[in-house]
Amino acid sequence: MSEVNRSASPQLGGWTRFVTARPRLALLAALVITALAVFAGSGVADRMGSGGWQAPDAESTYASEVLAREFPASQPNLLLLVDSGSASVDDPDVAAEAGRLAKRLDAEPGVSGVGSYWATRSPALRSEDGHEAIIAARIGGDEKTAGETLDRIAPDFAGERGPVTVSVGGPVAVQHEMQTIIQEDLLRAELIALPVTLILLVMVFGSAVAALLPLGVGIVAILGTNAVLRGLTELTDVSVFAMNLTTALGLGLAIDYALFIVRRFREELAGGAAPRTAVGTTLRTAGRTVLFSALTVAVSLSAMLVFPQYFLRSFAYAGIAVVLLAAAAALILLPAALVLLGHRINSLDLRRVFRRRKKRVTGAAGGVTPEGKAEAGAPGAGAGAGADADASPGRGWARLAALVMRRAPVFAIVTTVGLLLLGLPFLGVKFGTADDRQLPAGAESRVVQEHIRDGFPGSPGGGLEVLAEGKGSPADHAELKGRIEKLPGVLRVEGPVAEGSTAYYNVLPEGEAVGEATQQLVRDLRAVPSASSLDVSVTGTAAVLVDSKDAIADRLPWALAIIVVVTLLLVFLLTGSVLIPLQAVVLNALSLTAMFGALVWVFQDGNLSGLLGFTSTGDIETTLPVLMFCVAFGLSMDYGVFLISRMKEEYDRTGDHEHSVTFGLRHTGGLITAAAVILAVVMVAIGTSRVTSTKMLGLGIALAVLMDAMVVRGLLVPAVMKLMGRSTWWAPAPLRAFHRRFGLSEGESAPAAAAASAPAPAPAPDGAAVPAGTSAAASAPASAPASAAAHSPDAADAAGGVEAGPETAADTDLAKSARR
């Protein structure tokens, strides 16, 4: 072992030694585990469902299950649209062929409750122009079984069949086609996102080697999460929509974490640290931040577990798994790779040609750049090619921080008002339920549903079923029917259809299938008094929507409480401040206003629908805002933790509040922006999906991420922190004591904020007084070793060493300007 490594080894913590002691073995184990994950996660999408919007404990769910079991014909999920062309559906040849089709369908295993217009002569099953009619049936089993049955029988019925043309539709066909399209779109999104992400990473790092590491971490996280989801499908229902979140967060968060760690590692190398020492410092600083960030994101996503709908719970399963796996890969595998690579992390520097051109212009090859940093290859530039780019964070962010803090009230008010205005359209939100219009216009099952919706009488698919259980007499059933018929908004009541002690009524509403009037009719039906011997429950599309809204409203306060309370605790443990956690929660929520406003303005009201290629239904699916809030809030906290932790580290070191704000934005502004752009690219790739809900999720989260990183972190946070002043870091004495014992910070030493903010100067080692806020490096005696303070560019900037040069003066000027 070299002398440098021998001296550094005692400084390495147990976790660092564990991660870096056998780097080759760690990477080999990771390769084996990843290969097993590929095998274990294969075919996961085929085992997922495309529903999950119903609350399993709701009245409508119970009634649907009873009707499907006792009266299959009352709950058809397969519809064959029979088109007779120019002939009438009552033509003898057409009727004969339709009868043969219905008989064949009834003989298929797994199919029950077959009925048709030709058997019942129900006007609801015949189109108004007389050229189309319906054969209805129910495919039994869960979503996977029903999908397999549909795949088996559809080719035998769809297409030209003698004098008629048959198209396959119904809820089971819509869900199955949606699942297939999502899988295809997800593959396309990955093919778009991966190369674009790699290009962006190369632009950020310059080095192709450094750029490949975050991408590798993301792929490991995605493959591992697929294996976890595959295991969960054996235990519970999982929505296929969760696959989109797996890809988006797997790439986005893994890249965020890897960016943060690799960037800090390169900074340490640029300061002259040996690779193993640089890894140790990186894990003690950036590694802690990554861990806290992962916990905050996981908490935001775990809040969806309180909801009963498996659609939302699935996103919690996928999100928690991918966040923890991304953090684990970034904190275990990435450090092992960095130890092995060392200074080769800067290999294949694709920006070298631009730096050479810059050297020729300045005439100072191997000297000092105009920014005051040693060029790669010059004495003291220990990182090798490309390190200078990483070791000198952009001064533009520091200038922005100074400008914002100089006009803090203006920026705070204008930014807040602007965000609130962007969110105003959400005040007009209307909640609905997902239907066939989620699919692209040419999808066969959507075409069938559109023909039925536009060409058939009444409100097809919008009927309500009233289930009556108990040994009621015919008079009791007749009395119940009479009361239902008297309700406002009822067009017609059919039934009762009885089987033993169970009966049901089919209630056709006057209004839209899920309109406000029909939802009110559901509530009125549930309030109708019936004979004491009858237990009445209501189901149907509108009833499912009412129950879903009620379930979300009941659980939403609990979900919000989980997010807020745990976020406050985690941010307090990171900062030791009472006000910063409150500020983080409020500003994160404010950053989501643009997303929610766009949700209504674009997807509910239909603006840009032609450009984005979707059909507006005039409402928003009930569970999507909850999902998008949890995901976007977690990602906002991700960036917030990155920024706050760097500010906290500098404040602990210097005690200078405004300098710490400038320092934090300077050293993370570009990183957060790059991470946000990369994540937005991934989300936009997801947003190219042909399924509207997925498009809404991808584009909405992309907008929220960009607004948070570029507007809230760049403008609102420094303005608010300037207005709050040093009170930003305040905490009562008991909580300060609690934080000293249990808290963590990104800094390498115990928090020193209390010492920095003490009213009296702290004595220097030689007995001289040191002004509060002076860094340890600056106050150390001249004979003290300089390496501890100088090995990091961050420390060098503050210590006034050679590495800082003009930048330190610039920082001072900017800080003075901000204070003015």
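Structure first, text after, so check above.
A brief report on the enclosed structure follows. (Residues numbered from 1 in each chain as written. Predicted model: local features only at pLDDT ≥ 70, side-chain atom pairs only at ≥ 80, totals over all residues. Heavy atoms only, no water.)

Across the interface, helix α7 (residues 143-157) lies against helix α8 (residues 171-205) with an axial gap of 10 Å and an inter-helix angle of 95 degrees. Between α7 and α8, the crossing angle belongs to the class labelled roughly perpendicular. Contacts from Glu 143, Ala 146, Gly 147, Leu 150 and Asp 151 of α7 reach α8 at Val 172, Ala 173, Gln 175 and His 176. Here the residues of the contact of α7 with α8 are counted per class, giving 4 nonpolar, 3 polar and 2 charged. (Axes fitted to C-alpha atoms, helices over the stretch in contact; angles between N-to-C directions. Helix = DSSP H or I, 4+ residues; strand = E, 2+ residues; numbered from the N terminus. Parallel < 35°, antiparallel > 145°, perpendicular 65-115°, else oblique. Contact = heavy atoms within 4.5 Å. Nonpolar A, V, L, I, M, F, W, Y, C, P; charged D, E, K, R; others polar.)

The full count for this structure, using the stated rule, is 11 aromatic pairs. Where Tyr 117 meets Trp 118, the ring centres are 5.7 Å apart and the plane angle is 70 degrees; that geometry is what we call edge-to-face. The two residues Tyr 117 and Trp 118 agree in class, both being buried. Members of the aromatic cluster, connected to one another through ring pairs, are Phe 241, Phe 311 and Phe 315. If you follow Arg 104 out to its NZ or CZ, it ends over the ring of Phe 157, 4.6 Å from the centre. (Phe/Tyr/Trp six-rings, centres within 6.5 Å; stacked < 30°, edge-to-face > 60°. Buried < 20%, exposed > 50% of the residue type's maximum accessible area, 1.4 Å probe, protein only. Lys NZ or Arg CZ within 6 Å of the ring centre and 35° of its normal.)

What follows deals with the sheet that holds strand β8 (residues 490-499). Here 4 strands make up an open sheet; going across it, the order is β8-β9-β7-β10 and the pairing antiparallel. For this open sheet the edge positions go to β8 and β10 (535-540), each flanked by a neighbour on one side alone. For this sheet, the mean inter-axis angle between neighbouring strands, taken without regard to orientation, is 20 degrees. Set on the sheet, helix α4 (residues 59-70) makes contact with β7 (464-469), β9 (502-509) and β10; between it and β10 the angle comes to about 95 degrees. Where helix α18 (residues 474-485) meets the sheet, it contacts β7, β8, β9 and β10, and its direction lies at approximately 160 degrees from that of β8. (Pairing = 2+ DSSP bridges.)

So, on to the pairing of β9. With 8 of 8 residues buried, β9 lies mostly within the body of the structure. Neither face of β9 is exposed, since Thr 502, Tyr 504, Asn 506 and Leu 508 on one face and Ala 503, Tyr 505, Val 507 and Pro 509 on the opposite face are all buried. Sheet topology note: the β7/β9 ladder contains 6 bridges and is antiparallel. What sits directly across from Leu 467, in β9, is Tyr 504. One ladder, built from 7 bridges, connects β8 with β9; its direction is antiparallel. Counterpart to Val 497 in the pairing with β9 is Tyr 504. Here β8 folds back onto β9 in antiparallel fashion, the turn holding 2 residues, of which Gly 500 has a positive phi close to 65 degrees.

Of note, Thr 539 is situated in strand β10. A distance of 2.6 Å separates a polar atom in the side chain of Thr 539 from a polar atom in the side chain of Ser 64. Residue contacts for Thr 539: discarding those within four places in its chain leaves Ser 60, Ala 63, Ser 64, Leu 67, Gln 75, Leu 464 and Glu 465. (Polar contact = N/O pair within 3.5 Å; in protein donor to acceptor, adjacent residues only side chain to side chain.)

The subject of this paragraph is the environment of Pro 581. Counting through the fold element by element, Pro 581 comes out in helix α21 (residues 579-591). Given a relative accessible area of 3%, Pro 581 falls into the buried group. Expressed as a C-alpha distance, the spacing of Pro 581 and Leu 569, which sit 12 residues apart in the sequence, is 7.7 Å. If we ignore the near neighbours within four places in the chain, the residues touching Pro 581 are Leu 568, Val 571, Phe 572 and Thr 575.

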